[in-house]
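What the coordinates show
What follows is the residue order along each chain.
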2 protein chains.
Amino acid sequence: MGVMGDRTEPRWLSDGEQHVWRSYLHATTLLEDHLDRQLQRDAGMPHVYYGLLVQLSQAPRRRLRMTELAKSAKITRSRLSHAVARLEKNGWVRREDCPSDKRGQFAQLTDEGVEVLRRTAPGHVAAVRQAMFDRLSPEQVEQLGTIMRVMAEGLEPAGPDADLPWLR
Amino acid sequence: MGVMGDRTEPRWLSDGEQHVWRSYLHATTLLEDHLDRQLQRDAGMPHVYYGLLVQLSQAPRRRLRMTELAKSAKITRSRLSHAVARLEKNGWVRREDCPSDKRGQFAQLTDEGVEVLRRTAPGHVAAVRQAMFDRLSPEQVEQLGTIMRVMAEGLEPAGPDADLPWLR
DNA sequence: GACCCGTTCTTGAAAGTTGAACTATGTAGG
DNA sequence: CCTACATAGTTCAACTTTCAAGAACGGGTC
């Protein structure tokens, strides 16, 4: 295969593959919408913001540097800045200067933030369970885990030659 | 289990389940981000908008009623209105009045819209293939299809008692 | 017709996201 | 010290999404 200007017919998806792809899109968008609405209603924030609180709650001293939080939540620093600003207004997160690096900021989960999680986590887990784990057999759960890990490997940013595909 | 005010300890996710859930979130967000960027770069629109053009391209006379298009793309009518307005500005979609129902509108794919798809579809398919089908075994693809279908069933809006869970 | 109710689609404002530009700080080399 | 460059985080403008009205039509019923 040439690197650029490849004029050969692309390898379209087979009928089966198309069907799987559509099912994938269907299910993932429905689930993300469902969780977004559930959390917006019960916790007053979108799913991504909830994920930020969860990350913080599991970090030592319930705080993380902005960049680390962005990486673990797989969002841009820009997006995180806006998100933390909003969560700060709600009183769920507090910013703290990093003593060792004056550029740095910690995002720290407040007690109120912990309380929000304590109050809303059960409903969220129930939603996840109802949509996924209560409907799949143990074998399917295991298969799903394997499949998702494989897919993630191929998409890992800065993964093995991720930005140097011409070297493969 | 009580219907409301259930004070029993919620069924938290097991370690294995948590791991699968994280892999799922990780993979799906990475893939969606990847496709969004790929299409924004190569086609000048986000993934959802691209999906709208695809739906239209497969419809008879390359047109659909707004509500049907919204349903098949699983987005709200409001969102679709804004999206079609944007696609119309690009010249890729045209609105047409419905003769039989004066409230109705058709969204019709223009020749330019077809051309955009023709030009960008190969790259998009390649991205999907590279992220999913080239990395999974045929068995895994089949497993994924089954799993996604099962999950979608449980999330289907207006599905079996979807909004009446207390009757189950 | 007049009324009511449901459906179709649009609109406007607020919230969220993106990518690029920008500030401030750290780090390495001369 | 000074320059050059990298890193951490924010900000701005453009764009997208959501939510709550709202405008217009259709299909009854009286």
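Here, every reference points to the structure presented above.
So, here is what we can say about the structure in this document. What you are looking at is a predicted structure, and each value in this text was computed from that prediction instead of being measured.

Reading guide: rules and limits
Residues numbered from 1 in each chain as written. Chains lettered and ligands numbered in written order. Predicted model: local features only at pLDDT ≥ 70, side-chain atom pairs only at ≥ 80, totals over all residues. Heavy atoms only, no water. Pairing = 2+ DSSP bridges. Helix = DSSP H or I, 4+ residues; strand = E, 2+ residues; numbered from the N terminus. Axes fitted to C-alpha atoms, helices over the stretch in contact; angles between N-to-C directions. Contact = heavy atoms within 4.5 Å. Salt bridge = Lys/Arg side-chain N within 4 Å of Asp/Glu carboxyl O. Buried < 20%, exposed > 50% of the residue type's maximum accessible area, 1.4 Å probe, protein only. Near = heavy atom within 4 Å. Polar contact = N/O pair within 3.5 Å; in protein donor to acceptor, adjacent residues only side chain to side chain. Core = buried A, V, L, I, M, F, W, Y, C linked by side-chain atoms within 4.5 Å. Buried area = accessible area lost by both parts, 1.4 Å probe. Nonpolar A, V, L, I, M, F, W, Y, C, P; charged D, E, K, R; others polar.

Let's talk about the sheet that holds strand 2 (residues 93–97) of chain B
Hydrogen bonds along the backbone pair up the strands of a sheet, which may run parallel or antiparallel. Residues and elements named next belong to chain B. Pairing is antiparallel in the open sheet, where 3 strands are placed in the order 1-3-2. Since the sheet does not close on itself, it has two edges, and those belong to strand 1 (63–65) and strand 2, each with one partner. The sheet shows a mean angle of 25 degrees between the axes of neighbouring strands, taken without regard to direction. In the sheet, strand 1 pairs with strand 3 (residues 105–109) via 3 bridges, with the strands oriented antiparallel. The partner of Arg65 across the bridge, within strand 3, is Phe106. Across the sheet, helix 2 (residues 47–57) touches strand 1, strand 2 and strand 3, and the angle it forms with strand 3 is around 95 degrees. Sitting on the sheet, helix 3 (residues 66–73) touches strand 1, strand 2 and strand 3, and the angle it makes with strand 1 is about 95 degrees.

What to know about the pattern of salt bridges
In the structure shown here, the tally under the stated rule is 24 salt bridges over all chains. Here Glu153 of chain A makes a salt bridge to Arg135 of chain B, at a shortest N to O gap of 3.8 Å. Of the two residues, Glu153 of chain A sits in helix 6 (residues 138–155) while Arg135 of chain B sits in the loop between helix 5 (111–133) and helix 6 (138–155), which places them in two different chains. Residue Arg135 of chain B is classed as partly exposed on the basis of its relative accessible area, which comes to 33%. For the salt bridge of Arg94 of chain B with Glu96 of chain B, the shortest nitrogen-to-oxygen distance reads 3.9 Å. For Arg94 of chain B, a relative accessible area of 38% translates into the label partly exposed. Accessibility expressed as a relative area gives 23% for Glu96 of chain B, which makes it partly exposed. Here the salt bridges do not stand alone but share partners, grouping Arg11 and Glu17 of chain A together with Arg129 and Asp134 of chain B into one network.

Focus on the protein's contact with DNA strand D
Near DNA strand D lie 21 residues; those nearest to it are Thr67, Ser81, Arg95 and Arg103 of chain A together with Arg79 of chain B. The protein-proximal atoms of DNA strand D, defined as those within 4 Å of the protein, are 66% sugar or phosphate. Within the contact set of DNA strand D, a phosphate oxygen lies 2.5 Å away from a side-chain nitrogen or oxygen of Ser81 of chain A. Here a base nitrogen of DNA strand D and a side-chain polar atom of Ser78 of chain B are 2.6 Å apart.

What to know about the nonpolar core
Core analysis: the biggest nonpolar cluster contains 46 residues, and Trp21, Leu144 and Met148 of chain A together with Trp21, Leu144 and Met148 of chain B have the highest contact counts within it. Residue assignment for this core shows that the elements contributing at least two residues are helix 1 (15–43), helix 5 (111–133) and helix 6 of chain A together with helix 1 (15–42), helix 5 and helix 6 of chain B. Listed in part, the 26 residues of the second largest apolar core include Leu64, Leu87, Val116 and Leu117 of chain A.

Some words on the interface of chain A and chain B
Listed by partner, the interface residues are 57 residues for chain A and 57 residues for chain B. Roughly 5,500 Å² of surface becomes buried between chain A and chain B when both sides are summed, with 68% attributable to carbon and sulfur atoms. Taken together, chain A and chain B are joined by 6 salt bridges. Put simply, chain A and chain B have 14 residue pairs in polar contact (both at pLDDT 80 or more) between them. At the level of secondary structure, the elements contributing two or more residues to the side of chain A that touches chain B comprise helix 1, helix 2 (47–58), helix 5 and helix 6 of chain A. Tallying contributions element by element places helix 1 of chain A first for the side of chain A that touches chain B, with 17 residues. Broken down by class, the residue content of the side of chain A that touches chain B amounts to 29 nonpolar, 16 polar and 12 charged.

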